[in-house]
Amino acid sequence: MEQCLLSVQRAIKNIEAEIWVIDNCSTDGSLAYLEPHFPDVHFIKNEINTGFARANNKAVASCSGDYILFLNPDTLLCEDTLEKCLAVFSTHPTCNAMGVRMLDGHGRFLPESKRAIPTATNSFFKMTGLAGLFPRSAIFNGYALGHLDEEGVYPVEALSGAFMMVQRKSLLATGGFDEAYFMYGEDIDLSYRLAQSGAINIYNGQAKIIHFKGESTSKHSRQYVKRFYGAMQLFVSKHYKKRYNTVQRFFLRAGIFLGALLSNIKNFFLRLFTFSKPGIKPGPLYLFGNTDGVDAAKKMLVQQGIRDTDMQVIASEDWQQGTIPTNATIIFCMQGITLEATIACIQEIRAATFLWHYPGSENLVGAGCHGYTF
C-alpha cells in the first residue's frame with residue numbers, strides 16, 4: 001500500500017485529486033504505519049471486513065471527484081497514467097468507465113485488462129483450455145478479447161476492479177457496486193450495468209500500470225474457490241434470466257459447479273504433492289536509479305541486514321546490453337527515474353526478481369523475492 005500511494009501521488013501531480021484508503025479491518029498495523037506517512041490521504045477504518053463492494057461504496061459516499069478511480073493496493077501507476085485516461089474521457093463523451101493496460105511484476109500483459117461479459121460459450125472455451133490454446137482467437141478467446149491489440153484504445157464490455165476509473169454521475173446512476181458480491185465478480189457486474197445504460201466502457205491500452213496480482217490472495221485456497229465461483233453463480237442468477245432459458249441456465253450453473261469442483265481437486269493435489277524446497281541461493285543484487293535514489297535504497301537495505309558489498313549499481317546502458325544474469329534481483333530506486341523506464345527494463349531483460357523502492361519509503365514492493373530476505 002505504501003508504494004502504491006507513493007506512485008499515486010506522482011500520478012496526480014498535475015491533477016486536482018483526493019486519495020481515500022479503506023482499511024477493511026486489517027490486522028497487520030497498516031493504519032498505524034501509513035497515517036503518519038501520508039497526512040494528506042483520507043483513511044476510513046472498518047471494524048469488520050465488509051467485502052470489496054461495500055467498502056468501495058463507503059468511500060464513494062465520502063469523496064467528491066467528477067471521476068472516481070477504484071485501485072487495488074498491489075499496483076503501481078505510471079506517472080502519466082491518470083492524465084492519459086482523462087484525455088480519453090475528454091474525447092469520448094459517451095464513456096462511462098475506463099480500464100488500462102495492466103502488466104505483472106515481470107512486464108507480462110494481464111489478459112483481464114480487457115474482457116467481454118462471461119457467456120456460456122466463452123466460459124466453456126476458457127474452462128476447457130481452448131482459450132489458452134488459441135490466445136489470439138476472437139472465437140475461442142472471446143472472453144479475454146485476445147484478437148484485440150493490447151496497446152489499442154476501444155470499447156469493451158468488462159473492466160477490472162484492480163483499476164477502474166468511472167464517471168461519478170454514471171456510477172451514482174447505477175447505484176455503485178452490488179454489495180451482494182463479497183469479493184470477485186463485482187467489477188464485471190458493475191461493468192455490465194454501466195454498459196446497459198447505453199454508454200460505453202473503454203479499454204485504454206496507452207495507459208499502463210503494474211499489477212502484482214494475487215499477492216494478498218491464495219488462489220489455491222478453498223475460500224478463494226468458494227467466493228470466485230459463488231460470484232459467477234450470482235452473476236448468472238442476476239443477469240441471465242432473460243438471456244438464457246431455464247435449461248441453458250441449468251447447464252451454465254452446472255459448468256460453474258464443475259469448474260469449482262475441478263479447482264478444488266486440483267488444489268488438493270497441489271497441496272498434497274508440493275514439498276518444501278531447499279533455500280534458494282541469492283543471486284547478485286543490482287540497484288538501478290540515480291545517485292540519490294541508490295543511496296537511499298542502500299541505507300535502507302543496510303539497516304535490514306544486507307551488506308553494502310553485496311549490492312551493485314547498474315546504469316541503464318548496462319542492462320540494455322544483456323549483461324544481467326537470470327538469477328539476479330534488481331531493485332529500482334524510484335528517484336530520478338519513471339515507472340515507464342522500469343517497465344522497459346523488465347520487458348527487456350530476464351531476472352529472478354524485480355523490486356521497487358520509492359523515495360521516503362522504508363519498504364520494497366515486488367512479486368516475490370528469491371533468495372534475499374527484506
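Residues numbered from 1 in each chain as written. Predicted model: local features only at pLDDT ≥ 70, side-chain atom pairs only at ≥ 80, totals over all residues. Heavy atoms only, no water.

### Quick look at the overall build of the chain
Part 1: A tally of helices and strands in the chain yields 13 helices and 13 strands.
Part 2: Going through the 374 residues of the chain one by one, you find that 47% of them count as buried.
Part 3: When contacts within the chain are restricted to residue pairs at least 6 apart in sequence, long-range pairs at least 24 apart make up 75% of them.
Part 4: By element, 56% of the accessible surface of the chain is carried by carbon and sulfur atoms, the whole surface being about 18,900 Å². (Helix = DSSP H or I, 4+ residues; strand = E, 2+ residues; numbered from the N terminus. Buried < 20%, exposed > 50% of the residue type's maximum accessible area, 1.4 Å probe, protein only. Contact = heavy atoms within 4.5 Å. Areas by Shrake-Rupley, 256 points an atom, 1.4 Å probe, with all protein chains shown as cover.)

### Digging into the side chain of R193
Part 1: Mapped onto the secondary structure, R193 falls in helix α8 (residues 186–196).
Part 2: Overall, R193 belongs to the buried group, its relative accessible area being 17%.
Part 3: One polar contact links the side chain of R193 to the main-chain carbonyl oxygen of G176, over a distance of 2.7 Å. (Polar contact = N/O pair within 3.5 Å; in protein donor to acceptor, adjacent residues only side chain to side chain.)

### Describing the layout of surface pockets
Part 1: Reported here for the second largest pocket is a volume of approximately 150 Å³.
Part 2: If you go around the second largest pocket, the residues you meet are H106, R108, T326, I346, Q347, E348, I349, R350, A351, A352 and F354.
Part 3: Top contributing element to the lining of the second largest pocket by residue count: helix α13 (residues 339–348), with three residues.
Part 4: Per-class residue counts for the lining of the second largest pocket are five nonpolar, three polar and three charged. (1 Å grid on protein atoms, 1.4 Å probe; cavity = no way out; pocket = protein on both sides within 12 Å on 5 of 7 lines; lining within 4 Å. Points joined across faces, edges and corners; volume = space filled by probe spheres on them. Nonpolar A, V, L, I, M, F, W, Y, C, P; charged D, E, K, R; others polar.)

### Some thoughts on the side chain of H211
Part 1: Structurally, H211 is set in strand β8 (residues 200–211).
Part 2: Side-chain polar atoms of H211 contact the side chain of D74, separated by 3.3 Å.
Part 3: Among all residues touching H211, those that are not within four sequence positions of it are N72, D74, T75, M102, L103, D104, G105, L110 and A162.

### Quick word on the state of the cysteines
Part 1: Under the defined criterion, the tally for this structure stands at zero disulfides.
Part 2: The cysteine C95 is free of any disulfide, with C85 supplying the nearest cysteine sulfur at 9.2 Å. (Disulfide = S-S within 2.5 Å.)

### Structural notes on the sheet that holds strand β10 (residues 311–314)
Part 1: Here five strands make up an open sheet; going across it, the order is β10-β9-β11-β12-β13 and the pairing mixed. Among the strands making up the open sheet, the edge pair consists of β10 and β13 (365–366).
Part 2: Where strand β9 (residues 285–288) meets strand β11 (residues 329–333), four bridges bridge the pair, whose relative direction is parallel. Bridge pairing in β11 links F288 to F332.
Part 3: On top of the sheet, α13 reaches β11 and β12 (353–357); it is set at about 170° to β12, its chief contact. (Pairing = 2+ DSSP bridges. Axes fitted to C-alpha atoms, helices over the stretch in contact; angles between N-to-C directions.)

### Describing the pattern of salt bridges
Working definition: two side chains of opposite charge can pair if their charged atoms are close together.
Part 1: By the definition in use, this model includes 12 salt bridges.
Part 2: Here E150 makes a salt bridge to R101, at a shortest N to O gap of 3.0 Å. Taken together, the positions of E150 in the loop between α6 (130–133) and β6 (153–156) and R101 in strand β5 (residues 95–103) put the pair 49 residues apart, joining distant regions of the chain.
Part 3: R101 gets classed as buried once you look at its relative accessible area, which sits at 9%.
Part 4: Residues joined by salt bridges that share partners form a network here, namely R101, E150 and E151. (Salt bridge = Lys/Arg side-chain N within 4 Å of Asp/Glu carboxyl O.)

### Let's talk about the nonpolar core
In globular proteins that are soluble, nonpolar side chains generally tend to be buried together.
Part 1: Counting 52 residues, the largest nonpolar core has F163, I210, I330, F332, L339, F354 and W356 as its most contacted members.
Part 2: Discounting chain neighbours no more than four positions away, the residues touching F332 are F288, I337, T342, C345, I346, F354, L355, W356 and H357.
Part 3: Counting 18 residues, the second largest nonpolar core, distinct from the first, contains V60, A116, L145 and M164. (Core = buried A, V, L, I, M, F, W, Y, C linked by side-chain atoms within 4.5 Å.)

### Structural notes on the packing of aromatic side chains
Part 1: Under the criterion given, the structure shown has nine aromatic pairs.
Part 2: Residues F288 and F332 carry aromatic rings whose centres are separated by 5.8 Å and whose planes lie at 75° to one another, so their mutual orientation is edge-to-face. Taken together, the residues span a long stretch of sequence, with F288 in strand β9 and F332 in strand β11 at a distance of 44 residues. We note that F288, like F332, is buried.
Part 3: Consider the rings of F332 and W356, whose centres lie 5.2 Å apart with planes at 40°: the pair is tilted. Taken together, the residues span a long stretch of sequence, with F332 in strand β11 and W356 in strand β12 at a distance of 24 residues. (Phe/Tyr/Trp six-rings, centres within 6.5 Å; stacked < 30°, edge-to-face > 60°.)

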